[in-house]
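If you want the building blocks of each chain, they are given just below.
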Amino acid sequence: MTKIIVPRSILLIFLILSFTTVFAQKTSVKNIESRVETLLTKMTLDEKIGQLNQVVGDISTGTDLAKDDLIAQIRANKVSSVLSHVNFENKITMQRVAVNETRLGIPLVFGFDVIHGYKTIFPIPLAQAASWDMGLVERIERIAAEEASADGQNWVFAPMVDVGRDPRWGRVMEGAGEDPYLGSRVGEARIRGFQGDDLSANNTVAACTKHFAGYGFIEAGREYNTVDMSDQRLREIVLPPFQAAANAGSATFMNAFTTLNGVPASMNKNLITNILRGEWAWNGMIVSDWNSFGETIIHGAAEDETDASAKCLSAGSDMDMVGGTFQKGLKKALEAGRVTQAQIDEAVRRVLRFKFSLGLFDDPFRYLNQKRHDTTLEKPEYRVVAREAAAKSMVLLKNDGGLLPLTAGSRFKKIAIIGPYADSKGNKDYLSFWTIGLGMREYDSTKVVRPAQALKPALEKLGYEVTVTETCLDSTCTEKDYAAAINAARAADVVIVCVGERGFDCGESRSVSSLELPRKQDQLLNILGRLKKPTVMVLFNSRPLVFEWASQNIPAILVAWQPGFETGNALADVLTGKVNPSGKLPMTFPRSLGQVPIYYNHLNTGRPQTQYGQIFTSGYLDSPTSPAYPFGFGLSYTAYTYSNLKLSKTQYKMGETVEVSVTVTNSGSLPGEETVQCYTRDLAADIARPVKELKGFEKIKLNAGESRGVTFRLSEHDLSYWNNELKWKADPGKFKVFVGGNSVEVMEGEFELAR
Ligand code: NOJ
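Predicted model only: the values in this text are computed from it and were never measured.

Rules of the game
Residues numbered from 1 in each chain as written. Predicted model: local features only at pLDDT ≥ 70, side-chain atom pairs only at ≥ 80, totals over all residues. Heavy atoms only, no water. Domains from an automatic or database assignment. Buried area = accessible area lost by both parts, 1.4 Å probe. Salt bridge = Lys/Arg side-chain N within 4 Å of Asp/Glu carboxyl O. Polar contact = N/O pair within 3.5 Å; in protein donor to acceptor, adjacent residues only side chain to side chain. Helix = DSSP H or I, 4+ residues; strand = E, 2+ residues; numbered from the N terminus. Nonpolar A, V, L, I, M, F, W, Y, C, P; charged D, E, K, R; others polar. Buried < 20%, exposed > 50% of the residue type's maximum accessible area, 1.4 Å probe, protein only. Arc of directions from axis to C-beta. Contact = heavy atoms within 4.5 Å. Disulfide = S-S within 2.5 Å.

**As for the domain arrangement of the protein**
Where the parts come together, the accessible area they lose is often given as the size of the interface.
Alright, step 1. The domains assigned to the protein are domain 1 (23-375), domain 2 (379-595) and domain 3 (640-754).
Alright, step 2. Summing both partners gives a buried area of about 1200 Å² for domain 1 against domain 3, and 60% of it is carried by carbon and sulfur.
Alright, step 3. Taken together, the connections running from domain 1 to domain 3 amount to 1 salt bridge.
Alright, step 4. A salt bridge links arginine 689 to glutamate 236, with the nearest nitrogen and oxygen atoms 2.9 Å apart.
Alright, step 5. The tally of links between domain 1 and domain 3 comes to 6 residue pairs in polar contact (both at pLDDT 80 or more).
Alright, step 6. Secondary-structure elements contributing two or more residues to the side of domain 1 that touches domain 3 are α7 (180-195) and α8 (231-247).
Alright, step 7. In terms of residue count, α8 provides more of the side of domain 1 that touches domain 3 than any other element does, 4 residues in total.
Alright, step 8. Across the side of domain 1 that touches domain 3, the residue classes break down as 4 nonpolar, 2 polar and 6 charged.

Below, the structure is given as structure tokens:
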């Protein structure tokens, strides 16, 4: 290694410079409040209302709404923020107009949906959650922030922390799955990655935690549908990840589109003012979702824009995304005495504070530096993380007879790679709708490493003969259309069949009414099954899907999700054993749509079914109640054994920490990573409690033969719940504690919480 010697004088200058920068930043943070107040006194009412308005840029991610000339609007003081604008040079022009051609020169803030990467695309968020690796999730968002900020974006509409229990809802791909604890940890990691520890730095972006709140519980999984739930469910399942995000310092929040118990989220005072700003003491800025202020009228909860403006502002919402409702109605609402000047000022204050905290007033072009732009996007090292993330998020559901990994010196010689997603160039395949940083439909699809593209050479290097055969994808495909693929399979010793969902079908407004493999891909699997060849099914999906036949008949199944740019490389790494799979499901996979919603942390009911077929118990006549694959489940090429579950005591007093420890041994022959999960059950509380609740997890590395102790520490809060008196409280009495590698196969212990 060469050593670079820096002269002391240069070091001194550097030290002084860095001190002054840090000092300058600290000073400006300290001065934010007084600068906001000074600016506020100079603003006219129209300028204030303009600061509450966000308009759409060059990509539309929602319902089409009339678009005026952007520059003219900015010049007229009507724009505070622009969302979904890709073109870099245009952003510079817009910022110049805002800063130089408006009376007060208030800079614009640029917002963007950075859902799983900006220019370098990572696995979908649900897949990232399946890695259970929070350090990795943070690294992903750090890169996303580097890229987005270098391209002029200051604010990302992520993380989505909506808990989702219904795979029909296309947006489960955007969250962390069904569990509030895992969802909280993932949300925090994403916020840390985006925001770093200095929001005003030119390589960090503000997070926007969404959708506040309840959206994940839309009825029947139908997009934008009604949400109705008990206070218990709201407090225990829906809100914890939002609270964790607020505590983690999420700069902004976004309203949900949906109603909650009849009240549209954007005008839900209980949610915004009482809970978010009151109980949680969060003081950031909250933006509507796309025209969600305007949609209060369509919901039938506001009469017109004036009424909608009054209701949304009074509830505590601040900025109007796209709909122009405040532009049309807020002044009238003030004139009619429906809102006060003080309320408007408070919202404007939050917006200005937000812009100050991003450093935009100190340098409006901080994020619009051409050199940084030209040198920061799509660095090769980002790909390394994308590959690691994709491989680490894949979940091995089945591996009968140790069919995988496909290594050198195998008894098999010929491999056929088939299936519609073996080598697809379809729009956004292996990505998702939410990769708009690449463009909506027009993008360079060669950036995606397709499965066969990487898998074929990787397997050939190990000595296999490999064929890749295009396979029909349509509900009209017949046995004849599959002929080439089936023939290739027939001629091979092992078949890798790639099935799943189209990339563009993953994301917002992508609800489905069936969870079967789309476009009758089951038919292909059935025909393939007749060959009785060792087969590996690779699933590209954005949600839990139903594939009972495959579960019973195909020996190896790998959930690859939508893995992003490094799809093929990551898949090759996992299938050849270069990476030992360690992903675990963040969402239950049902056996059939009829079981939905199905989730691990359900109540016991008064008549739990213990065996399929029992009558007068809570079950189905035509299906077991158990899922196809439970929450937290995922196999490895090695095996782990759990032993020695110990509690530090069997009786605890309120306020004491419950210590649970276990020994985990890698009892197989390969090194690997295991996510050790800890669940509890309150056996007799004042209200019925879930059969299991995740309270902690730790992902550990173990060499073959190695053992390690893992300890979980549970606080009184971990044992508490939202009781009938609307308070968090732990009840005295017996608890069970479970530790294991998934939510079903666990060791268990018991303790008592004394009064
Ligand atoms: C609507 C979506 O619900 C939200 O998540 C997104 O951030 C906005 N549109 C902006 O695209």
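On we go from here.
**Observations concerning helix α16 (residues 451-461)**
Alright, step 1. Where α16 is concerned, the buried positions are Pro451, Ala452, Ala454, Leu455 and Leu459. One side of α16 carries all its buried residues, which in axial view fall inside an arc of 165°.
Alright, step 2. Looking at the buried side of α16, the elements it contacts are β12 (414-418), β13 (465-468), β14 (494-500), β15 (535-540) and α20 (567-575).
Alright, step 3. Immediately beyond the C-terminal end of α16, within one or two residues, lies glycine 463, with a positive phi of roughly 105°.

**Describing the state of the cysteines**
Simply put, disulfide is the name for a covalent bond between the sulfur atoms of two cysteines.
Alright, step 1. Under the counting rule described, the total for this entry stands at 1 disulfide.
Alright, step 2. The residue that forms a disulfide with cysteine 472 is cysteine 477, at a sulfur-sulfur distance of 2.2 Å. Here the disulfide of cysteine 472 and cysteine 477 is left-handed, its torsion about the S-S bond being about -80°.
Alright, step 3. Taking the relative accessible area as the measure of exposure, cysteine 472 reaches 26% and is therefore partly exposed.
Alright, step 4. This cysteine, cysteine 208, is not joined by any disulfide, and cysteine 312 carries the nearest cysteine sulfur, 16 Å off.
Alright, step 5. The cysteine cysteine 498 is free of any disulfide, with cysteine 506 supplying the nearest cysteine sulfur at 15 Å.

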